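Observations on the three-dimensional arrangement
Residue strings, one per chain:
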Amino acid sequence: MNDRDACEAEIVAHHEVIEGWLRGTLDDFAPFERAQAPGFTLNEPGGARLDRDQVMEWVEGARGSAPDLKITIFDVRLVAAGQTHVVADYIERQPTGDRRATVVFVRDPEARHGLRWLHLHETWTRD
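Residues numbered from 1 in each chain as written. Predicted model: local features only at pLDDT ≥ 70, side-chain atom pairs only at ≥ 80, totals over all residues. Heavy atoms only, no water.

**Description of the packing of aromatic side chains**
All told, the structure shown has three aromatic pairs when counted by the stated rule. On the basis of an interplanar angle of 35° and a centroid distance of 5.4 Å, the ring pair of Phe29 and Phe32 is categorised as tilted. Taken together, the ring pairs connect Trp21, Phe29 and Phe32 into an aromatic cluster. (Phe/Tyr/Trp six-rings, centres within 6.5 Å; stacked < 30°, edge-to-face > 60°.)

Here it is as structure tokens:
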């Protein structure tokens, strides 16, 4: 699988996990937790920066909080790829609005699709 396809597959799979967890249809938190690399950080659309522990606590506590949630991923684009890291961006559509996101992956042959999330930066898109 090429880097662009691996990025898209990982981004879609990860958001399927998030959607299932927040809808309350997924019972196992481990797939979400395993996807994030040590040192993972998230810059939220509103500007807050969360570290891995904060993200884990927030998401784990939100199970079932959005029973009607539907997340759609589109416009995945490979930004850069090197020996150790891959950068991609994409649009995430949720009922609360669209987000443009840039993700930095670290390569990990044991991770789903060979990629683990190291940093995610989300920005609200303009309507």
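**As for the environment of Gly39**
Note that Gly39 resides in strand E1 (residues 36-43). Judged by its relative accessible area of 57%, Gly39 falls in the exposed class. Along the chain, Gly39 and Trp117 lie 78 residues apart, while their C-alpha atoms are 9.5 Å from each other. Setting aside chain neighbours within four positions, we find Gly39 in contact with Arg52 and Leu118. (Helix = DSSP H or I, 4+ residues; strand = E, 2+ residues; numbered from the N terminus. Buried < 20%, exposed > 50% of the residue type's maximum accessible area, 1.4 Å probe, protein only. Contact = heavy atoms within 4.5 Å.)

**Topic: the pairing of strand E4 (residues 85-94)**
The buried count for E4 comes to eight of ten residues, which makes it a mostly enclosed element. Across seven bridges, strand E3 (residues 72-81) lies against E4 in antiparallel orientation. Of the residues in E4, the one forming a bridge with Thr72 is Arg93. Hairpin connection, E3 to E4: the antiparallel pair is bridged by three residues. Where E4 and strand E5 (residues 97-107) come together, ten bridges link them in antiparallel fashion. (Pairing = 2+ DSSP bridges.)

**Some points on a negative patch on the surface**
On the surface, a cluster of negative charge is contributed by Glu33, Asp51, Asp53, Glu57 and Glu60. If you tally residues by element for the negative patch, the top one is helix H3 (residues 52-61), at three residues. (Patch = residues over 30% accessible without salt bridge, like charges linked within 9 Å, V, L, I, M, F, W, Y side chains within 5 Å. Areas by Shrake-Rupley, 256 points an atom, 1.4 Å probe, with all protein chains shown as cover. Salt bridge = Lys/Arg side-chain N within 4 Å of Asp/Glu carboxyl O. Lys, Arg positive; Asp, Glu negative; His and termini not counted. Charge placed at Lys NZ, Arg CZ, Asp CG, Glu CD.)

**Considering the pattern of salt bridges**
Tallied over the full model, the rule gives eleven salt bridges. Among the ionic pairs, Asp27 bridges to Arg63, the shortest N-O distance being 2.5 Å. Residue Asp27 is found in the loop between helix H1 (3-23) and helix H2 (30-35), and its partner Arg63 is found in the loop between H3 and E3; the two are separated by 36 residues along the sequence. Residue Arg63 is classed as partly exposed on the basis of its relative accessible area, which comes to 34%. Between Arg116 and Asp108 there is a salt bridge, and its shortest N-O distance comes to 2.8 Å. Using a relative accessible area of 15% as the deciding quantity, one classes Arg116 as buried. Among the charged side chains, a network of salt bridges with common partners joins Asp75, Arg77, Asp89 and Arg100.

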